[in-house]
Amino acid sequence: MSSPPHTVLPWVVRRTRLPLLSLRCVDCRSESATTGEGRFRVNANGKLLDVWLLVRCVSCDRTSKLTVHERTPVRSFDPAELHGYGVNDPDLVASTLLDPLLARRHHFTLDWTGAWRLDAPSAGLDAAWPVQVAVVFADPVPLRPDRLIAQGLGLSRNEALRRVKCDIPLRRPTSTGFTFTVLAGD
């Protein structure tokens, strides 16, 4: 029978900016696009609305539109959502961009490189052993747990894999919270 961990550390993964889109530009054939500050375009046709999320090519600066709603009756929109489209609400831009259905419909993936940070308390590895860490994702950033753990502990990935006990696969990306236990070094 094992004893419970002596120390529990909270780690939080946060988004620092919106991720880039891996989306081929029709002009320059580049694979990167961005939403910049995030803008919607809303077009009314009688009682029907079209809503697009505007994205810009990183290489040539060409603006393209990703369809969010097409020929949707005005009465089917929540008034707060409709207002958010009109004022380019940053939270609505983020939730729209992070929607997996939008990504699937427009055939793009999100590039999270440099778009997240790990908020972890500064606790040295000389603390009481074992140490349990609870990882929480404030935003759905898909990360490989082995890389996240190695970065958070300041160890190589091999050393982190050797010293960590976890119930989830460490080499498969996840964006949901998990816990792991760090064992003392030899």
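This write-up is about the structure you can find in this document. This structure is a prediction, so every number in the text was calculated from the model and none was measured.

Some thoughts on the state of the cysteines
Defined simply, a disulfide is a covalent bond joining two cysteines at their sulfur atoms.
Then, in step 1: Scanning the model with the defined rule gives 0 disulfides in all.
Then, in step 2: Among the cysteines around C28, which has no disulfide bond, C57 carries the closest sulfur, lying 3.6 Å off.
Then, in step 3: A residue is classified by how much of its surface remains accessible, and C28, at 34% relative accessible area, is partly exposed.

Describing unusual backbone geometry
Then, in step 1: Even without a glycine there, the phi angle at R29 is positive, about 65°.
Then, in step 2: The backbone of N88 shows a phi angle near 55°, a positive value even though the residue is not glycine.
Then, in step 3: Locating N88 in the fold gives a position in the loop between α1 (79-87) and α2 (90-97).

Examining the pattern of salt bridges
Then, in step 1: Under the counting rule described, the total for this entry stands at 11 salt bridges.
Then, in step 2: Linking R15 and D139 is a salt bridge whose minimum nitrogen-to-oxygen distance equals 3.7 Å. Here R15 is found in strand β1 (residues 7-15), whereas its partner D139 is found in the loop between β8 (131-137) and α4 (145-153), with 124 residues between them in sequence.
Then, in step 3: The exposure class assigned to R15 is partly exposed, which follows from its relative accessible area of 25%.
Then, in step 4: Members of the salt-bridge network, linked through shared partners, are R14, R117 and D119.

Structural notes on the sheet that holds strand β4 (residues 48-57)
Then, in step 1: Spatial ordering of the open sheet is given by β5-β4-β3-β2-β6, a layout of 5 strands whose pairing is antiparallel. Looking at strand neighbours, the two that pair on one side only are β5 (63-73) and β6 (109-111), the edges of this open sheet. Going across the sheet, the axis of each strand differs from the next one's by a mean of 40°, ignoring polarity.
Then, in step 2: Pairing geometry for β4 and β5, over 8 bridges, is antiparallel. Bridging across to β5, L49 finds its partner in T72.

A short note on the packing of aromatic side chains
Then, in step 1: For the structure shown, the criterion picks out 4 aromatic pairs.
Then, in step 2: With centroids separated by 5.4 Å and ring planes inclined at 70°, the aromatic side chains of W11 and F180 adopt a geometry described as edge-to-face. Here W11, found in strand β1, pairs with F180, found in strand β10 (residues 178-182); they are 169 residues apart in sequence, far enough to count as distant. Comparing W11 with F180, the two get one shared label, buried.
Then, in step 3: Both rings, one in F178 and one in F180, keep their centres 6.1 Å apart while their planes meet at 35°; by these two values the pair is tilted.

A closer look at the pairing of β10
Then, in step 1: Most of β10 is tucked away, with 4 of its 5 residues classed as buried.
Then, in step 2: The pairing of β8 with β10 spans 5 bridges and is classified as antiparallel. Counterpart to A134 in the pairing with β10 is T179.

Regarding the environment of T113
Then, in step 1: Looking at where T113 falls in the secondary structure, it is placed in the loop between β6 and β7 (116-119).
Then, in step 2: Separated by 94 residues in sequence, T113 and P19 place their C-alpha atoms 7.4 Å apart.
Then, in step 3: Here D111 takes part through its side chain, which lies 2.7 Å from a polar atom of the side chain of T113.

What counts, and at which threshold
- Residues numbered from 1 in each chain as written.
- Predicted model: local features only at pLDDT ≥ 70, side-chain atom pairs only at ≥ 80, totals over all residues.
- Heavy atoms only, no water.
- Disulfide = S-S within 2.5 Å.
- Buried < 20%, exposed > 50% of the residue type's maximum accessible area, 1.4 Å probe, protein only.
- Helix = DSSP H or I, 4+ residues; strand = E, 2+ residues; numbered from the N terminus.
- Salt bridge = Lys/Arg side-chain N within 4 Å of Asp/Glu carboxyl O.
- Pairing = 2+ DSSP bridges.
- Axes fitted to C-alpha atoms, helices over the stretch in contact; angles between N-to-C directions.
- Phe/Tyr/Trp six-rings, centres within 6.5 Å; stacked < 30°, edge-to-face > 60°.
- Polar contact = N/O pair within 3.5 Å; in protein donor to acceptor, adjacent residues only side chain to side chain.

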